[in-house]
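# Commentary on secondary and tertiary structure
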Amino acid sequence: MNINQVLELDRLAKDDGRKYEKKRGAYEEISQDAGAHFIGIVGPRGAGKTIILKQLALANESSFYVSLDTMEGDLFELVKTLHETMRIRLFLLDEVHVYPRFEADLKKIYDVFDIRVIFTSSTALGMYESGYDLSRRVLLKTLYPFSLREYAQFKYGQEFDAVTLGDIVENKIPSDILRAGEHFSSYIQGGLMPFALREPQPLALLENILQTVIRKDIPHIAKLLTGELDKIEQVVRFIGLSGVDGINYSSTAQNVHITKYKAEQYIALLERAFILHRVFPMGSNVLKEPKVVMALPYRLLYRPFDEAIGGLREDFFVEAFRALGKEIFYLKSTRGQKTPDFLIRDQEDIIFEVGGKRKGRSQFKGMKVQRKIILADGYGMTGIRRPLFLAGLLNRKIL
């Protein structure tokens, strides 16, 4: 461990933090958390986790930023040295999933020192299932890319009030909020990624991010053979080139020429790395295979926008409600007839049909749930129809 090199990287990180004057709501939530627990921020690459750490480093004099992606040496010893010699009280640890002993060292740091730790990871960490009893020591929060509200604020300086799920269902939407819809197309084509604020061609960077996830992040959380990484790439490609209906373990296994067990394993890993989402079915007498959708906007790496729009709508819907912390299921009939797309568990169940302007009531035939909503393109708000983009204005918090 070269302490001078680590000190220099900390200085550079704080200098970089000065470039980002605007702060997301997640920054405020994390900076105001005064509990004794450590905080872990998990979320996709490119969602802005590192920026938040650098902003926190800049705002706290007795803080220290360390990227475990570049650090060599022992984390516990580094924390011990900096705490004892420089009185560092807040350690900001970036990309911890690449450090092989992180859970063990984190428990040791928590038990020995009176300090705070905030860390990030680009994979969903199974810390509470580990053997180190971290449940009372660590509070995990998931940071997703920009909501449509944040995109309008950061990109165009436009402020829109948040809406609730109840506002959407009850059609209590102020007319001025509908102006946010003009940004929806650019948002789902890559604008949701914070790095797109400075990068006019975000999909080029997204391709690099995907390769980093598959070739670097996933091998850190699973023991795989080298050839399996090629198969994982093929899984993502198959899903990206396909429509949204019928994408599950079985169809993936058949098309990528792997076992159903391997398809389930790879899809679960890609979900932990925030590339895919699994939505499990609601109802009885159905195979418990999930419907698989993609995280926005990865589908656009494989198909042009006009061909991918159907999938992008569902990708957007699922991610918006996952970020809201709602239970989400897809609806599957026992006889194969068409049903609405999704069911959201709230105070009372709500079923949603997601699609283009021509979507109508036909899919709701026979549905007993009282709350039924069509989320579609455009600005229509008559009957049970609502603009799809309103899901990007929901008042979500870092979970």
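### Describing the side chain of S63
Tracing the sequence through the fold places S63 in strand β2 (residues 63–67). Engagement of the side chain of S63 in a polar contact is seen with the backbone oxygen of A57, the distance being 2.9 Å. What S63 contacts, discounting residues up to four positions off in sequence, is D10, K14, L56, A57, I88, L90 and L92.

### Notes on unusual backbone geometry
In most cases, non-glycine residues show a negative phi, while peptide bonds are predominantly trans. Cis peptide bonds are those with omega within 30 degrees of zero, and the linkage from L296 to P297 qualifies with -10 degrees. Position of P297 among the secondary structure elements: in the loop between β8 (291–294) and α13 (305–323). Even without a glycine there, the phi angle at E95 is positive, about 55 degrees. Mapped onto the elements of the fold, E95 is located in the loop between β3 (90–94) and α5 (102–112).

### Quick notes on the layout of surface pockets
For the largest pocket, the calculated volume is near 740 Å³. Taken together, 34 residues form the lining of the largest pocket, with Y20, G48, I51, P194 and F195 sitting closest to its centre. For the lining of the largest pocket, the elements supplying multiple residues, two or more each, are α3 (49–59), β2, α6 (148–156) and α9 (202–221). Residue composition of the lining of the largest pocket, by class: 13 nonpolar, seven polar and 14 charged.

### With respect to the sheet that holds β2
Spatial ordering of the open sheet is given by β2-β3-β4-β1-β5, a layout of five strands whose pairing is parallel. Two strands close off the open sheet at either side, each with one partner strand: β2 and β5 (138–142). For this sheet the average axis-to-axis angle between neighbouring strands, irrespective of direction, equals 15 degrees. Strands β1 (38–42), β3, β4 (116–121) and β5 of the sheet are contacted by α5, whose axis makes an angle of about 165 degrees with β4.

### So, the pattern of salt bridges
For the structure on display, the rule yields 29 salt bridges. With a closest N to O distance of 2.6 Å, E8 and R11 form a salt bridge. Here E8 and its partner R11 are both found in helix α1 (residues 3–17), three residues apart, which amounts to about one turn of the helix. Under the relative-accessibility criterion, E8 is labelled partly exposed at 35%. Note on R11: relative accessible area 40%, which makes it partly exposed. With a closest N to O distance of 3.9 Å, E95 and R45 form a salt bridge. A residue pair is termed long-range when its members are at least 10 positions apart, and E95 in the loop between β3 and α5 and R45 in the loop between β1 and α3 qualify at 50 residues. Accessibility classification places E95 together with R45 in one group, the buried group.

### Points about the pairing of strand β6 (residues 276–279)
Where a strand is regular, its side chains alternate between the two sheet faces. Burial of the side chains of β6 extends over both faces: L276 and R278 are buried on one face and H277 and V279 on the other. Sheet analysis places β6 next to β8, joined by four bridges and oriented antiparallel. Each residue of the ladder has a partner; that of L276, found in β8, is M294.

### Examining the pairing of strand β11 (residues 350–355)
Of all six residues in β11, six are buried, a share of seventy percent or more. Taking every second residue as pointing to the same face, both faces of β11 are buried, with I350, F352 and V354 on one and I351, E353 and G355 on the other. Pairing geometry for strand β10 (residues 342–345) and β11, over three bridges, is antiparallel. If you follow L343 over to β11, its bridge partner there is I351. Counting the residues in the hairpin turn of β10 and β11 gives four residues. The sheet contact formed by β11 and strand β12 (residues 371–376) spans six bridges and is parallel. Among the inter-strand pairings, F352 is bridged to a residue of β12, identified as I373.

Conventions we followed
Residues numbered from 1 in each chain as written. Predicted model: local features only at pLDDT ≥ 70, side-chain atom pairs only at ≥ 80, totals over all residues. Heavy atoms only, no water. Helix = DSSP H or I, 4+ residues; strand = E, 2+ residues; numbered from the N terminus. Polar contact = N/O pair within 3.5 Å; in protein donor to acceptor, adjacent residues only side chain to side chain. Contact = heavy atoms within 4.5 Å. 1 Å grid on protein atoms, 1.4 Å probe; cavity = no way out; pocket = protein on both sides within 12 Å on 5 of 7 lines; lining within 4 Å. Points joined across faces, edges and corners; volume = space filled by probe spheres on them. Nonpolar A, V, L, I, M, F, W, Y, C, P; charged D, E, K, R; others polar. Pairing = 2+ DSSP bridges. Axes fitted to C-alpha atoms, helices over the stretch in contact; angles between N-to-C directions. Salt bridge = Lys/Arg side-chain N within 4 Å of Asp/Glu carboxyl O. Buried < 20%, exposed > 50% of the residue type's maximum accessible area, 1.4 Å probe, protein only.

Function cannot be inferred from these measures alone, as they are strictly geometric.
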